[in-house]
Amino acid sequence: MKKKLLWLIPITIIFLLYQFIFNSSYDPTIKALATLKEGTIEDNYASFIPQDADQVGIIIYPGGKVSYEAYAPFAKDLSEQGYATFIVEMPLDLAIFGGNSADIVIEDNPTITEWYILGHSLGGVMAAEYALEHNVKGLILLASYPQDKHDLSDKDIKVLSILGSQDGLVDKDTFNKSKSLLPISSTYRIIKGANHAQMGSYGKQKKDFEATITEEEQRYKVIEAIVQWLND
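Predicted model, so just to flag it, every value in this text is computed and none were measured.

Caption draft 1: Main features of the overall build of the chain. A tally of regular secondary structure across the chain gives 7 helices and 8 strands. For 232 residues, the compact-globule estimate of 2.2 N^0.38 gives 17 Å, and the chain sits close to it at 18 Å. Viewed in the frame of its principal axes, the chain has a C-alpha envelope of about 70 × 40 × 40 Å. For the chain, contacts bridging at least 24 residues in sequence account for 69% of all contacts bridging at least 6. Accessible surface, the chain as shown: approximately 12,100 Å² in total, 54% of it carbon and sulfur. For the chain, the centre of its 21 positive side-chain charges and the centre of its 31 negative side-chain charges are spaced 11 Å apart.

What follows is the structure in structure tokens.
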């Protein structure tokens, strides 16, 4: 009996991994798909670059199992503040399989001299790893935090962490403990009424709490916090 149970363990793990990896992703809203067409679509990323863009570039790593198109409204609105903004498409919509995806964006845009990497949820975990291993100016975490192996506390880097008060997916205790992994100079912002899913544009997400502000209001407040932080 014990041998049979031991034999079932790896099968169960494989089954769970299969379900996680190949289960359908959260699809972008109709508005997000329409907004994406206003940008430039490359093989592995989309870009929104204003004519008056300065030398600052922001690369977005999507959340786990969220299609990259879902961040088009966010990227477009952020670009309208004067920043070249890019959204990276991840293999299987999982940033863990594309941690160095920012490389191609940076290589394709040599005139940009100051890079920031932004990640939502699981994308934030991999953005933190990229920031640890590469020379970027800053890291922006949306509803996310670094893992223990991503200790940025001694790294010379600007960090902004934004969390919604209605976020139902981020464990608050783990989030608070992870602050020791970030520089003491890091900035933290809580967006009242904001939740996890509305950091993108893909509808509701399992286990998330209901937001008390609209997606558009949340996006405005998040971008406002980012712009203020960039200008500090």
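Caption draft 2: Just the pattern of salt bridges, in detail. Under the criterion given, the structure shown has 6 salt bridges. Residue E80 pairs with K76 through a salt bridge whose shortest N-O separation is 2.6 Å. Under the relative-accessibility criterion, E80 is labelled exposed at 52%. Notably, a salt bridge pairs R219 with D77, separated by 2.9 Å at the nearest N-O pair. Highlighted residues: R219 in helix α7 (residues 215–231) and D77 in helix α3 (residues 72–79), separated in sequence by 142 residues. Residue classification places R219 among the buried positions, given a relative accessible area of 6%. Overlapping salt bridges, with partners in common, bring together E38, K76 and E80 in one network.

Caption draft 3: Spotlight on helix α5 (residues 122–133). Across its 12 residues, α5 extends 17 Å between first and last C-alpha, which sits within 8% of the 16 Å expected from 1.5 Å per residue. Within α5, burial applies to G123, G124, V125, M126, A127, A128, E129, Y130 and A131.

Caption draft 4: Fine view of α7. The end-to-end C-alpha distance of α7, which contains 17 residues, comes to 24 Å, matching closely the 24 Å that a straight helix rising 1.5 Å per residue would cover. Inspection of α7 places E215, Q218, R219, V222, I223, A225, I226, V227, W229 and L230 among the buried residues, and these make up the whole buried set.

Caption draft 5: View of the confidence of the model for the chain. Considering every residue of the chain, the mean pLDDT works out to 91; 90% of them sit at 70 or more. The low-confidence segment residues 1–9 (pLDDT under 50) makes 0 contacts with residues lying over four places distant or belonging to another chain.

Caption draft 6: Representation of the packing of aromatic side chains within the structure. Applying the stated criterion across every chain yields a total of 7 aromatic pairs. Through successive ring pairs, a cluster of aromatic residues spans Y45, F86 and W115. A cation sits over an aromatic face here: K158 above W229, 4.5 Å from the ring centre.

Caption draft 7: Looking closely at the sheet that holds strand β5 (residues 114–120). Ordered by their spatial adjacency, 8 strands build an open sheet running β1-β2-β4-β3-β5-β6-β7-β8, and the pairing between neighbours is mixed. Where the open sheet ends on each side, the last strands, each with one partner, are β1 (40–41) and β8 (187–191). When strand β7 (residues 158–164) meets β8, the two strands line up parallel, connected through 5 bridges. Within β8, the residue paired with L163 across the bridge is I190. Each of β2 (45–48), β3 (56–61), β4 (84–88), β5 and β6 (138–142) is contacted by α3, which is oriented at about 165° to β4, the strand it contacts most. Of the strands in this sheet, β3, β5 and β6 touch α5, which is tilted by about 150° from β5.

Here is what the cut-offs are and how they apply
- Within every chain, residues take consecutive numbers counted from 1 along the sequence as written.
- Whole-chain, interface and lining totals are the exception, using all residues; otherwise, since this is a predicted model, local features are given only for residues with pLDDT of at least 70 and side-chain atom pairs are given and counted only at 80 or more.
- For the side-chain quantities, the full set of heavy atoms in the structure was used; hydrogens and water were omitted.
- Helix numbers and strand numbers start at the N terminus; a helix is a DSSP run of H or I with at least 4 residues, a strand a run of E with at least 2.
- For this measure, only C-alpha atoms enter the radius of gyration; the expected value for a globule follows 2.2 Å times N^0.38, where N is the number of residues.
- In this description, contact between two residues means that some pair of their heavy atoms is separated by no more than 4.5 Å.
- The Shrake-Rupley method, run with a 1.4 Å probe, gives the accessible areas here. Residue values count only the displayed protein chains as cover.
- A positive count includes Lys and Arg, and a negative count includes Asp and Glu. His and the chain ends are not counted in either.
- Note on charges: their place is set at NZ of Lys, CZ of Arg, CG of Asp or CD of Glu.
- The rule for a salt bridge is simple: a side-chain nitrogen of Lys or Arg has to be within 4 Å of a carboxyl oxygen of Asp or Glu.
- Under the scheme applied here, a residue whose accessible area is under 20% of the maximum for its type counts as buried, over 50% as exposed, and between as partly exposed, the area being computed with a 1.4 Å probe on protein chains only.
- Helix span, expected: 1.5 Å multiplied by one less than the number of residues in the helix.
- For every residue, the pLDDT score states the predictor's confidence, bounded by 0 at the bottom and 100 at the top.
- For Phe, Tyr and Trp, rings pair up if their centres lie within 6.5 Å, where Trp contributes its six-membered ring, and each pair is then called stacked (planes under 30 degrees apart), edge-to-face (over 60) or tilted (otherwise).
- Each ring is checked for a lysine NZ or an arginine CZ that lies within 6 Å of its centre and within 35 degrees of its normal; such an atom marks a charge sitting over the ring.
- In this description, strands pair whenever DSSP reports at least two bridges between them.
- A fitted line through C-alpha atoms serves as each axis, taken over the contacting stretch for helices, and the angle formed by two N-to-C directions is quoted from 0 to 180°.

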